[in-house]
Amino acid sequence: DSGVTQTPKHLITATGQRVTLRCSPRSGDLSVYWYQQSLDQGLQFLIHYYNGEERAKGNILERFSAQQFPDLHSELNLSSLELGDSALYFCASSPKMGGAEQYFGPGTRLTVT
Amino acid sequence: GENVEQHPSTLSVQEGDSAVIKCTYSDSASNYFPWYKQELGKRPQLIIDIRSNVGEKKDQRIAVTLNKTAKHFSLHITETQPEDSAVYFCAASRDTGGFKTIFGAGTRLFVKA
């Protein structure tokens, strides 16, 4: 157990819908990263927050947005969902702003039908 | 943009043999290079990392080497065991001026008993 929690574990929804994925980092970690992992694919970096502020953006679609709240938990919002958005979404937390080990949560498996 | 290339995509070895996975990064400012292991259906977990001020690091059967000039780093696993079978990801990141973590596409390692 990494100490990072993600909810829900599974999510099944229809095209065009909007969902919110939630991540609680390890106690004391200020950085939260979001990744998308499609079937048998690598980890695509989406976005990074540190202490409530966005620090880096990857190939995140405009339909996706995220935020980190004062209690350091983070939410990833996915809207106008398409079939291709079906994937495993991981968040990871880290004690530093960059250049340090990331602790991954168990992931949220999103299925868009 | 930043990129990390990882080879091979699949590697099959006999138990007891060595396995080598190679990565090349493009961002010369990268200074932290972790390796993650992801077992089927599980979260990625850090197995070893190296910083740019070090050329080699070893932890029991696992070692990582870094060639900053060539922007190349490698994972070496000796005396492989069936439980080493997993997907291995390399990554490159920096701790200043932009905090993306870019992952390689992954190497699926099979260790045959």
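Residues numbered from 1 in each chain as written. Chains lettered and ligands numbered in written order. Predicted model: local features only at pLDDT ≥ 70, side-chain atom pairs only at ≥ 80, totals over all residues. Heavy atoms only, no water.

(A) Layout of the interface of chain A and chain B. Across the contact, 25 residues belong to chain A and 18 residues belong to chain B. Carbon and sulfur atoms make up 57% of the surface buried where chain A meets chain B, a total of about 1700 Å² over both sides. Of all residues in chain A, the largest losses of buried area upon contact with chain B belong to A:Leu43, A:Gly99 and A:Phe104, amounting jointly to 29% of the total for that side. Viewed at the interface, chain B and chain A are joined by zero salt bridges. In this assembly, chain A and chain B are joined by six residue pairs in polar contact (both at pLDDT 80 or more). Among the secondary structure elements, those contributing two or more residues to the side of chain A that touches chain B are strand E4 (31-37), strand E5 (44-50) and strand E6 (53-57) of chain A. (Contact = heavy atoms within 4.5 Å. Buried area = accessible area lost by both parts, 1.4 Å probe. Salt bridge = Lys/Arg side-chain N within 4 Å of Asp/Glu carboxyl O. Polar contact = N/O pair within 3.5 Å; in protein donor to acceptor, adjacent residues only side chain to side chain. Helix = DSSP H or I, 4+ residues; strand = E, 2+ residues; numbered from the N terminus.)

(B) Spatial organisation of the state of the cysteines. Taken as a whole, this structure holds two disulfides over all chains when the rule is applied. Between the sulfur atoms of A:Cys23 and its disulfide mate A:Cys91 the distance is 2.0 Å. Across the disulfide from A:Cys23 to A:Cys91, rotation about the S-S bond amounts to roughly 75 degrees, and the bridge is consequently right-handed. Here A:Cys23 is found in strand E3 (residues 19-24), whereas its partner A:Cys91 is found in strand E9 (residues 87-94), with 68 residues between them in sequence. Of the two residues, A:Cys23 and A:Cys91, neither departs from the other in class, the shared state being buried. Through a disulfide, B:Cys23 is tied to B:Cys90; the S-S separation comes to 1.9 Å. Classification of the bridge connecting B:Cys23 and B:Cys90 rests on its S-S torsion, roughly -100 degrees, and on that basis the disulfide is left-handed. Residue B:Cys23 is located in strand E3 (residues 19-25), and its partner B:Cys90 is located in strand E9 (residues 86-93); the two are separated by 67 residues in the primary sequence. Judged on exposure class, the residue B:Cys23 and its partner B:Cys90 are both buried. (Disulfide = S-S within 2.5 Å. Buried < 20%, exposed > 50% of the residue type's maximum accessible area, 1.4 Å probe, protein only.)

(C) View of the sheet that holds strand E8 (residues 74-78) of chain A. Residue and element names in this part refer to chain A. Taking strand neighbours across the sheet as the criterion, the four strands line up as E1-E3-E8-E7 in an open arrangement whose pairing is antiparallel. Here the strands that pair on one side only, and so sit at the sheet edges, are strand E1 (5-7) and strand E7 (64-68). Pairs of neighbouring strands in the sheet enclose a mean axial angle of 15 degrees, with direction left out of account. With five bridges connecting them, E3 and E8 associate as antiparallel partners. When the sheet's bridge partners are listed, Val 19 is paired in E8 with Leu 78. (Pairing = 2+ DSSP bridges. Axes fitted to C-alpha atoms, helices over the stretch in contact; angles between N-to-C directions.)

(D) Up close: the packing of aromatic side chains. Taken as a whole and judged by the stated rule, the model has 15 aromatic pairs over all chains. Ring centres of A:Phe104 and B:Tyr36 lie 5.4 Å apart, and the angle between their planes is 80 degrees; on these two criteria the pair is classed as edge-to-face. Taken as a pair, A:Phe104 in strand E10 (residues 103-104) and B:Tyr36 in strand E4 (residues 32-38) lie in two separate chains rather than in one. The exposure class assigned to B:Tyr36 is buried, which follows from its relative accessible area of 1%. Ring geometry for B:Phe89 against B:Phe103: centres 6.4 Å apart, planes inclined by 80 degrees, an arrangement best described as edge-to-face. Taken as a pair, B:Phe89 in strand E9 and B:Phe103 in strand E10 (residues 101-103) lie far apart in primary sequence, 14 residues in all. No difference in accessibility class separates B:Phe89 from B:Phe103, as the two residues are buried. Here the aromatic residues A:Tyr33, A:Tyr35, A:Phe45, A:Phe90, A:Phe104, B:Tyr36, B:Phe89 and B:Phe103 are joined through ring pairs into a cluster of three or more. (Phe/Tyr/Trp six-rings, centres within 6.5 Å; stacked < 30°, edge-to-face > 60°.)

(E) Structural detail: the pairing of strand E8 (residues 72-77) of chain B. All names here are of chain B. Here six bridges tie E3 to E8, and the two strands are oriented antiparallel to one another. Paired with Lys 22 across the bridge in E8 is Ser 74. Judged from the six bridges that link them, strand E7 (residues 62-67) and E8 form a sheet pairing that is antiparallel. Within E8, the residue paired with Ile 62 across the bridge is Ile 77. Linking two consecutive strands that pair antiparallel, namely E7 and E8, is a turn of four residues; a positive phi of about 55 degrees is found at Lys 71 within it.

(F) Inspection of the environment of A:Leu72 at higher detail. Residue and element names in this part refer to chain A. Secondary-structure assignment places Leu 72 in the loop between E7 and E8. Here Leu 72 falls in the buried class, since its relative accessible area comes to 15%. In this structure the C-alpha to C-alpha distance between Leu 72 and Pro 25, which are 47 residues apart in sequence, comes to 7.1 Å. Dropping the residues within four chain positions of it, Leu 72 is found in contact with Pro 25, Asp 29, Leu 30, Val 32 and Asn 51.

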